[in-house]
Amino acid sequence: MVGTVTSDDLSARRANSFGPHAHTYAEHRPDYPAAAVRWALAPLGPGHHRVLDLGAGTGKLTGVLVAEGHQVTAVEPDESMLSELVRRHGGVRALPGTAERIPVPDGTVDAVVVGQAFHWFDPTRSMPEIARVLRPGGVLAGLWNNIDATVPWAAEFDRIIQSSASTPSTPTYAMPDHTLFRDTETDEFPHTHRRTAETLVITIGTHSHTLVIPKEERDQLLQRTLTFLHTNPPTATGEFDLPLITYVERTIRT
């Protein structure tokens, strides 16, 4: 007899769903705006810093950090995702590890940044571990790309792409409070992802809530997404910009 699938089971399945699709993820997921990264690291002052990209995936945030001139260490638990990161950013120090067990010494980084991954961490264990690797006065920042629901067609698109494994439509962009951190601030930045109808469907196919559902539901979701995009005037033909908002939260190591 199969037991009831709990929310923890579903979360674990979603967290572990990306590896087999690492190449597609790297090709079709959006990056992050440089302005958001600069704001996240602004408390450190000017110059190039030692930055740990935690839960780095295939390096979507890593690439922006490298372009900004920072000394980057990428930590990622999934072997396939980490291999894809190394293939694309070969000069970056890339290590297998988790937010709960970070493979770097105490106080050796100026900043820890997390792109679209904080919700996979165990906050009770990860916050003290992040604090351990940060120097006093260092920055912890989370960045999240979200569809800009102030654009009517994008809001409708966001509704259409939900699956039975989607989480409730409440914001997931938040870091837990912790006594080892202070002066939390937030900001948001406009961003876009250049797509066609077909490539945007591929992007949606890399989301965990579509990777873990049964094939029949997945096929139906992707088909209705394509139909919407082909019948929606702003997205019906050629390339277009998917409007995004990048939310950033930063806090300082005490």
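1. Observations concerning the pattern of salt bridges
And then number 1: Overall, the coordinates contain 14 salt bridges when judged by the stated rule.
And then number 2: D110 is paired through a salt bridge with R135; the nearest N and O atoms lie 2.7 Å apart. Here D110 is found in strand 4 (residues 109-115), whereas its partner R135 is found in strand 5 (residues 134-147), with 25 residues between them in sequence.
And then number 3: The exposure class assigned to D110 is buried, which follows from its relative accessible area of 9%.
And then number 4: Residue R135 is classed as partly exposed on the basis of its relative accessible area of 25%.
And then number 5: Each of E27, E84, R87 and R88 takes part in a single network of salt bridges with overlapping partners.

2. Some words on the packing of helix 7 (residues 152-160) against helix 10 (residues 215-231)
And then number 1: Packing of helix 7 against helix 10 leaves a shortest axis separation of 10 Å and a crossing angle of 165°. On the basis of their axis angle, the class for helix 7 and helix 10 is roughly antiparallel. Crossing handedness for the pair helix 7 and helix 10: right-handed. Here W153, E156, F157 and I160 of helix 7 come into contact with helix 10, specifically with R224, T225, F228 and L229.
And then number 2: Its residues placed into classes, the contact of helix 7 with helix 10 shows 5 nonpolar, 1 polar and 2 charged.

3. Observations regarding the pairing of strand 4
And then number 1: Counting buried residues in strand 4 gives 7 out of 7 residues, a clear majority hidden from the surface.
And then number 2: Note that strand 1 (residues 50-54) and strand 4 share 3 bridges and pair parallel. Paired with V51 across the strands is A111, a residue of strand 4.
And then number 3: Inspection of the sheet shows strand 4 paired to strand 5 by 6 bridges, in the parallel sense. Note on strand 5: the bridge partner recorded for A111 is V139.
And then number 4: The parallel pair strand 4 and strand 5, bridged by helix 6 (residues 123-133), forms a crossover whose chirality is right-handed.

4. Some remarks on the side chain of D148
And then number 1: As for its placement among the helices and strands, D148 is situated in the loop between strand 5 and helix 7.
And then number 2: Here D148 occupies a buried position and makes no salt bridge, while the nearest side chain of opposite charge, R194, is found at 15 Å.
And then number 3: Once residues lying within four places of it in the same chain are set aside, the contact partners of D148 are A154, P243, L244 and I245.

5. Brief notes about the nonpolar core
And then number 1: Counting 24 residues, the largest nonpolar core has V37, L41, L61, L65, V113, L143 and V248 as the members making the most contacts within it.
And then number 2: For this core, the elements supplying multiple residues, two or more each, are helix 3 (34-41), helix 4 (60-67), strand 2 (71-76), strand 4, strand 5 and strand 7 (240-253).
And then number 3: Of the residues forming this core, the biggest block, 5 residues, is contributed by helix 3.
And then number 4: Excluding residues within four positions of it along the chain, V37 makes contact with L61, V64, L65 and L143.

6. Details of the packing of helix 3 against helix 4
And then number 1: The geometry of helix 3 relative to helix 4 is characterised by a closest axis approach of 10 Å and an angle of 75° between their N-to-C directions. Relative to helix 4, helix 3 is oriented roughly perpendicular. Of helix 4, the residues touching helix 3 (which contributes A34, V37 and L41) are L61, V64 and L65.
And then number 2: Per-class residue counts for the contact of helix 3 with helix 4 are 6 nonpolar, no polar and no charged.

What counts as what
- Residues numbered from 1 in each chain as written.
- Predicted model: local features only at pLDDT ≥ 70, side-chain atom pairs only at ≥ 80, totals over all residues.
- Heavy atoms only, no water.
- Salt bridge = Lys/Arg side-chain N within 4 Å of Asp/Glu carboxyl O.
- Helix = DSSP H or I, 4+ residues; strand = E, 2+ residues; numbered from the N terminus.
- Buried < 20%, exposed > 50% of the residue type's maximum accessible area, 1.4 Å probe, protein only.
- Axes fitted to C-alpha atoms, helices over the stretch in contact; angles between N-to-C directions.
- Parallel < 35°, antiparallel > 145°, perpendicular 65-115°, else oblique.
- Left-handed = near helix turned anticlockwise from the far one by under 90°.
- Contact = heavy atoms within 4.5 Å.
- Nonpolar A, V, L, I, M, F, W, Y, C, P; charged D, E, K, R; others polar.
- Pairing = 2+ DSSP bridges.
- Right-handed = clockwise from strand over helix to strand, strands pointing away.
- Lys, Arg positive; Asp, Glu negative; His and termini not counted.
- Core = buried A, V, L, I, M, F, W, Y, C linked by side-chain atoms within 4.5 Å.

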